[in-house]
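# Chain and residue survey
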Amino acid sequence: MKKSLFTTLVISTIIINCTAQESNIIEIAPAPSVINEKLPLVEDGPIKNVIFIIGDGTGLVQLTSGQYQLVGAEGLLHLQTMPVTGIVKTYAANGLITDSAAGATAYSCGIKTDNGKIAQLPDERHCKTILELAEEKGLSTGIIATSTITHATPASYASHVKSRAMQPEIAVDYLDSGLEIILGGGKEFFIPSSEEGSRREDDLNVIDDFKNLGYDYVESAEELESTDSDKILGLFSLAGMPVLDRTPTLAEMSEKAISKLSQNDAGFFLMIEASQIDWGGHDNNSEYVVHEVKGLDAAVKVALDFAVQDGETLVILTADHETGGMAINAHYDRRDEVEIAWTTTGHTGVPVPLMAYGPHAIEFTGWLENIEVGQKVAQLFGVGTLPQINEE
Ligand SMILES: [Zn+2]
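Reference entry: report on the structure contained in this document. (Residues numbered from 1 in each chain as written. Predicted model: local features only at pLDDT ≥ 70, side-chain atom pairs only at ≥ 80, totals over all residues. Heavy atoms only, no water.)

## Re the nonpolar core
Here is the rule we go by: For our purposes a nonpolar core is just a set of buried Ala, Val, Leu, Ile, Met, Phe, Trp, Tyr and Cys residues, chained together by side-chain atoms within 4.5 Å. Three exposure classes are used, based on accessible area relative to the maximum for each residue type with a 1.4 Å probe and protein chains only: buried under 20%, partly exposed in between, and exposed over 50%. Numbered from the N terminus, helices here are DSSP runs of H or I no shorter than four residues, and strands are runs of E no shorter than two. Any two residues having at least one pair of non-hydrogen atoms within 4.5 Å are treated as being in contact.
Judged by nonpolar contacts, the single largest core of 56 residues is most densely connected at F52, Y157, Y174, F190, F269 and F364. At 5 residues, helix α13 (residues 370–381) tops the list of elements feeding residues into this core. If we skip the residues at most four places from it in the chain, Y157 touches F52, I54, A104, Y107, S108, T129, I130, L131, E132, I143, F269 and M271. With 50 residues, the next largest nonpolar core counts M241, L261, I272 and L317 among its residues.

Put into structure tokens, the structure is as follows:
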């Protein structure tokens, strides 16, 4: 009786949770034949370029799950070769759990704000961003995301609005941002309401406005690769970029951006976001998370390869917050797989990891406030001090 009840329960559980169970077992890869070598500390000197990489919703378990499945228990992802690690406290002004708007504003402006605010204080005064400081100094700048490019994280670097939902306004805000490189999804917020798929409520064609400012507009990996323009707007999908057959990849976008931005002898600031690790977390889908961590790691490799050869580039990888309360459940007696568990479909308040490579990377060791990270990068970069509040 007991046994048959148990069997019935197991079978019904399997049927009910079929999808969830399939996507929440992580298979462990065999040990790689070559383990990525750790990078050394770099001698401190002036920082010419900053590549700031944000894994949205990326906690330690997201990274570890990616590592397990991609390079096994013994292996190291490229992002794990960075010599300096820190731990970042992510709480927002109005809550212990942050969203991506307040989380990114902490890094871009060096201030804690309310959830939902894009480079604004809770009282809606604007705060200057590190990207704007870099532009004022004559540096080149870029933003890259696999979400809509007007999503909360990239928006917090080059726009000031009271709500992250104002993506049509954010697209227009980018026109006078000075940004040289804008790459991601979200064409829906740049095309007039009369065009199919538009999510604007006006007749503005923001793509045409960018073209009039001298930007080359591209829509495919081929067009991105072949453009020679110093100013590029690339929108590769109507909404967020697709998960499967994503083209260009985050790594390809990063490579193009770095090759263009590094032509400025004064230096550059580039923000790269692996946006959809967060979405995998919201879905409690570890396969999705691992897929996105793979994309992130490939982009980190591009950044590190450039930084190693350049010697004057600070690369920082961190997250705005963790998503899902992702955990690795115990399998004390096997090495071939682990089971992933989740505590929520929302964000959590656990601190997030930070990794750094390049001059002054050591400044980012230990426990850090997210605003401290933003403030330190600006100061070490020499573009000015944060926070700066616009009193108007
Ligand atoms: Zn999220």
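Next comes the rest of the account.
## Considering the pattern of salt bridges
The condition that has to hold: Any carboxyl oxygen of Asp or Glu within 4 Å of a side-chain nitrogen of Lys or Arg constitutes a salt bridge here.
All told, the structure shown has 17 salt bridges when counted by the stated rule. Ionic pairing is found between R200 and D202, a salt bridge with its closest N-O pair at 2.7 Å. When the shortest N-O distance is used, the salt bridge between D228 and K260 registers 3.8 Å. Taken as a pair, D228 in the loop between α9 (221–226) and β7 (232–235) and K260 in helix α10 (residues 250–261) lie far apart in primary sequence, 32 residues in all. Judged by its relative accessible area of 9%, K260 is buried. Here the salt bridges do not stand alone but share partners, grouping K89, K112 and E369 into one network.

## Overview of the packing of aromatic side chains
Here is the rule: Pairing of aromatic rings covers Phe, Tyr and the six-membered ring of Trp, with a centre-to-centre limit of 6.5 Å; geometry is then stacked below 30 degrees between planes, edge-to-face above 60, and tilted otherwise. In this analysis the charged atom, NZ for Lys or CZ for Arg, is taken to sit over a ring once it is within 6 Å of the ring centre and within 35 degrees of the ring normal.
Using the criterion set out here, one finds 5 aromatic pairs in the structure. Measuring from ring centre to ring centre gives 5.8 Å for Y157 and F269, while their planes differ by 25 degrees; the resulting arrangement is stacked. Pair noted here: Y157 is in helix α6 (residues 152–158) and F269 is in strand β8 (residues 268–274), with a separation of 112 residues, a long-range link. Seen from their ring centres, F190 and F210 are 6.2 Å apart, and the 45 degrees between their planes marks the pair as tilted. Taken together, the positions of F190 in the loop between β5 (181–185) and α8 (206–212) and F210 in helix α8 put the pair 20 residues apart, joining distant regions of the chain. Grouping residues by exposure puts F190 and F210 together as buried. Here the aromatic residues F190, F210 and Y215 are joined through ring pairs into a cluster of three or more. One cation-aromatic arrangement involves K112 over Y91; the distance from NZ or CZ to the ring centre is 3.4 Å.

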